[in-house]
Amino acid sequence: MRCDHVLEILAEGDPRAREIKEHLAQCPACAARARAWRLAQAGFRELASEPVPEASVGFTPRLMRRLAESSRPAPAEQSFFEKVGRRFVYSTLMLALLALLALAVPRSGPLRSPNSAELMLMQPSVATLQDESVLNVDGLGSHWPHNSTVTAPAAGGQR
Amino acid sequence: MISKEEAAQEAGWIERCQRGEQEAFAPLVERYRSAVFRVVYRVVRRRDEVEDIVQEVFIKAFTAIRSYNFQSSFQTWLSRIALNHCYDYLRRVRASHVTYFWQMSEEGQRNLEATAESREPGGLNAEQRAAVRELASQVLEAAPPADRVLLALKEIEGHSVEEIGEILDLKPSTVKVRLHRARKRLLKEVSSRARVRPGEPAGAPRP
Ligand SMILES: [Zn+2]
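Nothing here was measured: the structure is a model prediction, and the numbers come from that model.

*Asks:* I'd like a description of the domain arrangement of chain B, backed by residues and values.
*Replies:* Quoted interface sizes are often the accessible area lost when the parts come together. Residues and elements named next belong to chain B. Each assigned domain of chain B is listed with its residue range as follows: domain 1 (7-95) and domain 2 (106-194). On the domain 2 side, the residues contacting the 14 residues of domain 1 number 18 residues. When domain 1 packs against domain 2, close to 1,400 Å² is buried across both sides, 64% of that on carbon and sulfur atoms. On the surface where domain 1 and domain 2 come into contact, there are two salt bridges.

*Asks:* Describe in detail the interface of chain A and chain B, supporting the description with residues and values.
*Replies:* Listed per partner, the contact involves 57 residues of chain A and 71 residues of chain B. Across the interface of chain A and chain B, roughly 6,200 Å² is buried in total on both sides, 64% from carbon and sulfur atoms. In this assembly, chain A and chain B are joined by five salt bridges. The salt bridge involving B:R129 is made with A:E46; its shortest N-O contact spans 3.1 Å. Where chain A touches chain B, the interface holds 19 residue pairs in polar contact (both at pLDDT 80 or more). If you list the elements that add at least two residues to the side of chain A that touches chain B, you get α1 (3-11), α2 (18-26), α3 (28-48), α4 (59-70) and α5 (75-104) of chain A. When residues in the side of chain A that touches chain B are grouped by element, the largest group, 18 residues, is from α3(A).

*Asks:* Before we move on, can you summarise the coordination of the zinc ion with the specific residues and values?
*Replies:* Residue and element names in this part refer to chain A. Protein coordination at the zinc ion comes from C3 (SG), H23 (NE2), C27 (SG) and C30 (SG), with a distance range of 2.0 to 2.3 Å. Taken together, the four donor atoms surrounding the zinc ion define angles of 103 to 114° at the centre, an arrangement classified as tetrahedral. Spacing between the donor residues of the zinc ion along their common chain follows C-x19-H-x3-C-x2-C. Taken as a pair, C3 in helix α1 and C30 in helix α3 lie far apart in primary sequence, 27 residues in all.

*Asks:* Could you give me a rundown of helix α9 (residues 172-194) of chain B, with the residues and numbers involved?
*Replies:* Here α9(B) spans 31 Å end to end across 23 residues, near enough to the 33 Å set by a 1.5 Å rise per residue. Those residues of α9(B) that fall on the buried side of the exposure criterion are B:V175, B:R178, B:L179, B:H180, B:A182, B:R183, B:L186, B:L187, B:V190, B:R193 and B:A194.

*Asks:* Can you break down the packing of aromatic side chains residue by residue, with the values?
*Replies:* Taken as a whole and assessed by the stated rule, the structure comprises nine aromatic pairs over all chains. Put simply, the rings of A:F59, B:F25, B:F37, B:F58 and B:F62 touch in pairs and so form one group of aromatic residues.

Definitions and cut-offs
- Residues numbered from 1 in each chain as written.
- Chains lettered and ligands numbered in written order.
- Predicted model: local features only at pLDDT ≥ 70, side-chain atom pairs only at ≥ 80, totals over all residues.
- Heavy atoms only, no water.
- Domains from an automatic or database assignment.
- Contact = heavy atoms within 4.5 Å.
- Buried area = accessible area lost by both parts, 1.4 Å probe.
- Salt bridge = Lys/Arg side-chain N within 4 Å of Asp/Glu carboxyl O.
- Polar contact = N/O pair within 3.5 Å; in protein donor to acceptor, adjacent residues only side chain to side chain.
- Helix = DSSP H or I, 4+ residues; strand = E, 2+ residues; numbered from the N terminus.
- Donors = N, O, S within 2.8 Å, 3.2 Å for Na, K, Ca; no water.
- Tetrahedral: all angles 85-135°; square planar, octahedral: opposite > 155°, others 65-115°.
- Expected span 1.5 Å × (residues − 1).
- Buried < 20%, exposed > 50% of the residue type's maximum accessible area, 1.4 Å probe, protein only.
- Phe/Tyr/Trp six-rings, centres within 6.5 Å; stacked < 30°, edge-to-face > 60°.

So, in structure tokens, the structure goes:
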């Protein structure tokens, strides 16, 4: 049996698995790894017996106050507004910015489109916008990595 | 497990919350507060932060309560929100480089080695138990957030792959694959930190 196969079996969870016993008896490196794994498992058991902190006095009333403050108007409408409203505000701002840029362009000569340097200046703000809407807008936080695309950031490379 | 009457009562509270009645949320918070504290603490492991995070989890839960469709238990649904929130939190903490990385103390390392060499890992003394606890929290701290959520559920809370799948809304096969990968990363981390001397074979039969 090869060492990388032993690693696969260890990663199934059991450092005492029968099929690796023989290998562990002969291979110091894998034996050390198996032992480290057992130590970590003993550590996890220790963590499991650690007492969990409890809510401090007044936890629920405090929460209810926060809730009342954070959700006017009613929760459903608010999340809808957040979603549409925020995007609307940002896109309006972007349009205004573009209009300003167009006005700022020298009158002489044909109206040119923003050059690549200007575009590069603008792109990061667009990227953070997208990022934010991906991360914050959905109530459930449903961005938990679902398929194989684990933690790939939504707005990474620009082109 | 909650009784039939309690379940009916709970469904009433949830439906009222779904109509926007905030007062109906308070009894739900009271009922599930400690369960959420538990989930959050196992993953985040920072006593000073837990209460704040739990508050945020409940606020998120209320905001999203219309999406609860009574398919899974309310506790499962809440745990999913809590874990998603912990995951975000851990990513944020990482991104802002506020990692709480610490080296194991000399003494801790010595105790760990003594533990590794002891014949019977069951009978650990107080120092050795502290040393393995230190080791486990270090490797969890170093793990990527998604790994950390999975490992906390599996290795600390002892949930089955199926239960984890239900909580995270993932197929058990997906959980299995990710857990395997997470453990592989953990194994490398743990071997480099534990510095267990290669020598005495661990798999050798013991008296
Ligand atoms: Zn080997």
